[in-house]
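Each chain is listed here by its residues.
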Amino acid sequence: GEDVEQSLFLSVREGDSSVINCTYTDSSSTYLYWYKQEPGAGLQLLTYIFSNMDMKQDQRLTVLLNKKDKHLSLRIADTQTGDSAIYFCAESFWDGGYNKLIFGAGTRLAVHP
Amino acid sequence: KAGVTQTPRYLIKTRGQQVTLSCSPISGHRSVSWYQQTPGQGLQFLFEYFSETQRNKGNFPGRFSGRQFSNSRSEMNVSTLELGDSALYLCASSLARVASYNEQFFGPGTRLTVL
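Residues numbered from 1 in each chain as written. Chains lettered and ligands numbered in written order. Predicted model: local features only at pLDDT ≥ 70, side-chain atom pairs only at ≥ 80, totals over all residues. Heavy atoms only, no water.

*Asks:* Which residues make up the pattern of salt bridges, and what are the values?
*Replies:* Residue and element names in this part refer to chain B. Applying the stated criterion to the full structure yields nine salt bridges over all chains. For the salt bridge of Arg55 with Glu48, the shortest nitrogen-to-oxygen distance reads 2.9 Å. Judged by its relative accessible area of 26%, Arg55 is partly exposed. Arg63 is paired through a salt bridge with Asp85; the nearest N and O atoms lie 2.8 Å apart. Here Asp85 lies in the loop between strand S8 (74-78) and strand S9 (87-94) and Arg63 lies in the loop between strand S6 (53-57) and strand S7 (64-68), a separation of 22 residues in the sequence. Comparing Arg63 with Asp85 shows no difference in burial state: the two are buried. (Salt bridge = Lys/Arg side-chain N within 4 Å of Asp/Glu carboxyl O. Buried < 20%, exposed > 50% of the residue type's maximum accessible area, 1.4 Å probe, protein only. Helix = DSSP H or I, 4+ residues; strand = E, 2+ residues; numbered from the N terminus.)

*Asks:* Explain the state of the cysteines to me, and be specific about the residues and the numbers.
*Replies:* The tally for this structure, following the rule as stated, stands at two disulfides over all chains. In this model, Cys22(A) is linked to Cys89(A) through a disulfide, with the two sulfur atoms separated by 1.9 Å. Around the S-S axis, the bridge from Cys22(A) to Cys89(A) shows a dihedral of about -55 degrees and counts as left-handed. Here Cys89(A) lies in strand S9 (residues 85-95) and Cys22(A) lies in strand S3 (residues 18-24), a separation of 67 residues in the sequence. Residue classification places Cys22(A) among the buried positions, given a relative accessible area of 1%. Looking at Cys89(A), the relative accessible area reads 0%, which means it is buried. Linked covalently through their sulfurs, Cys23(B) and Cys91(B) form a disulfide whose S-S length is 1.7 Å. On the sign convention where negative means left-handed, the S-S torsion of about -45 degrees between Cys23(B) and Cys91(B) marks this disulfide as left-handed. Placement of Cys23(B) in strand S3 (residues 19-24) and of Cys91(B) in strand S9 is noted, with a sequence separation of 68 residues between them. (Disulfide = S-S within 2.5 Å.)

*Asks:* Give a detailed account of the pairing of S3(B), specifying residues and quantitative values.
*Replies:* Residue and element names in this part refer to chain B. Two elements, strand S1 (residues 5-7) and S3, share three bridges in a ladder whose sense is antiparallel. For Thr7, the partnering residue across the bridge sits in S3 and is Ser22. Both S3 and S8 contribute to a ladder of five bridges, which runs antiparallel. Across the sheet, residue Thr20 finds its bridge partner in S8, namely Asn77. (Pairing = 2+ DSSP bridges.)

*Asks:* Tell me about the packing of aromatic side chains, residues and numbers included.
*Replies:* A complete count under the given rule lists 14 aromatic pairs over all chains for this structure. Aromatic pair Phe47(B) and Tyr49(B): ring centres 5.6 Å apart, planes at 70 degrees, arrangement edge-to-face. For the residue pair Phe47(B) and Tyr49(B), the accessibility class agrees, reading buried in each case. Here Lys56(A) stacks its cationic end above the ring of Tyr48(A), 3.8 Å away from the centre of that ring. The ring of Phe50(B) has Arg55(B) lying over it, and the distance from NZ or CZ to the ring centre is 4.3 Å. (Phe/Tyr/Trp six-rings, centres within 6.5 Å; stacked < 30°, edge-to-face > 60°. Lys NZ or Arg CZ within 6 Å of the ring centre and 35° of its normal.)

*Asks:* Would you mind going over the sheet that holds strand S7 (residues 61-66) of chain A in detail, with residue names and values included?
*Replies:* Residues and elements named next belong to chain A. Spatially, the five strands line up as an open sheet ordered S1-S3-S8-S7-S6, and their pairing is antiparallel. Each edge of the sheet is formed by a strand with only one pairing partner; in this case those strands are strand S1 (4-6) and strand S6 (55-58). Strand-to-strand twist in this sheet, taken as the mean axis angle between neighbours without regard to direction, amounts to 15 degrees. As paired elements, S6 and S7 share four bridges and run antiparallel to each other. Paired with Gln57 across the bridge in S7 is Thr62. (Axes fitted to C-alpha atoms, helices over the stretch in contact; angles between N-to-C directions.)

Right, here's the structure in full:
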């Protein structure tokens, strides 16, 4: 079945780059997403990438997609304390005529001074 | 445009009771999905409603049910509450466009505590 896997924790120093990794199983994915969840809040879309792209850059965020290995990563440059949150990777694919969305378990990013 | 709203934000119930949570999607969004988030299991999909019909369902027992009204507002119900049902319940809405990018917009969630 469909599955999305992420490492559970990542700790980085303020100012360093953070790289959060994700693997997925469905080769028919259409879009892949990164969501951010701050404490006590719902999920907020950070960025997304279409499955026929290899890379997408959006200010401090860089998304890399390796379709062969079904591997997705999110790089946050110059990580700040405000980036501390849980980051969810998600893939969408067609199932029974509509878009189905599967989330990973989330990676908790801790940024320390 | 107002975002996705969920009521109530916090709820405390006891085992055996039942609970109803409400979600109002963004205006114009026809798809509403529900998720359960717990520290141990992460984010788990409950079900999705589109035009008042449930079109996708996750692996949850029949105690979890939902419905969607003609104005796209959705409710989920949990009967015979168990301690393990304590979680953050998130609702998300989307335009559900065919063959296109469909961002899901999440509400702030309802924190349910079962004692």
